[in-house]
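Reading the structure
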Amino acid sequence: MNKMQDDEFADVMRALGHPVRLSILRILAEKAQNDCCCTDVTECLPLAQSTVSQHIKVLLDAGLVERSPKGTRNCYSLNSARLESLQGAFSGLFTGLAADIAAVPHRPEVEPA
């Protein structure tokens, strides 16, 4: 698994920064056993297909979703390798931050005189 660099991590976080895109990822996870096209996702959301397509493109560009042609349609699925890298990046970030905070000497609070 490749270690995700900070700029790449930030790009992925921007892609995840919209509730519709999070919903799309959940829908694709639920339909993991089946080919899932844009129409399938649109049926689960109160949005126009063009809007869903734009959100899927952002997820594709971030590498979170993969596209595979099936006849005249494109089907989408989660990119599990990319999601594992993201999980590792999150874990590393929060572990590092927690270690940094723990290393700072604790100062007792002093009440004003």
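Computed from a predicted structure; not experimentally measured. (Residues numbered from 1 in each chain as written. Predicted model: local features only at pLDDT ≥ 70, side-chain atom pairs only at ≥ 80, totals over all residues. Heavy atoms only, no water.)

Mapped onto the fold, alanine 89 is located in helix α5 (residues 80–103). Relative accessible area serves as the criterion here: at 16%, alanine 89 is assigned to the buried category. Along the chain, alanine 89 and glutamine 5 lie 84 residues apart, while their C-alpha atoms are 8.3 Å from each other. (Helix = DSSP H or I, 4+ residues; strand = E, 2+ residues; numbered from the N terminus. Buried < 20%, exposed > 50% of the residue type's maximum accessible area, 1.4 Å probe, protein only.)

Glancing now at the pairing of strand β2 (residues 65–70). In terms of strand pairing, β2 meets strand β3 (residues 73–78) through six bridges, oriented antiparallel. Within the sheet, the bridge partner assigned to arginine 67 lies in β3 and is tyrosine 76. In sequence, β2 turns back onto β3 through a hairpin of two residues, with glycine 71 there showing a positive phi of about 65°. (Pairing = 2+ DSSP bridges.)

End to end, helix α2 (residues 19–30) covers 17 Å across 12 residues, agreeing with the expected 16 Å (1.5 Å per residue, within 8%). On the buried face of α2, the contacting elements are α1 (6–15), β1 (36–37), α3 (38–44), α4 (49–61), β2 and β3. (Expected span 1.5 Å × (residues − 1). Contact = heavy atoms within 4.5 Å.)

Using the criterion set out here, one finds zero disulfides in the structure. Free cysteine: cysteine 44, not disulfide-bonded; nearest cysteine sulfur from cysteine 36 at 7.0 Å. Looking at cysteine 44, the relative accessible area reads 41%, which means it is partly exposed. Looking at cysteine 75, it has no disulfide partner, and the nearest cysteine sulfur is the one in cysteine 37, 5.9 Å off. (Disulfide = S-S within 2.5 Å.)

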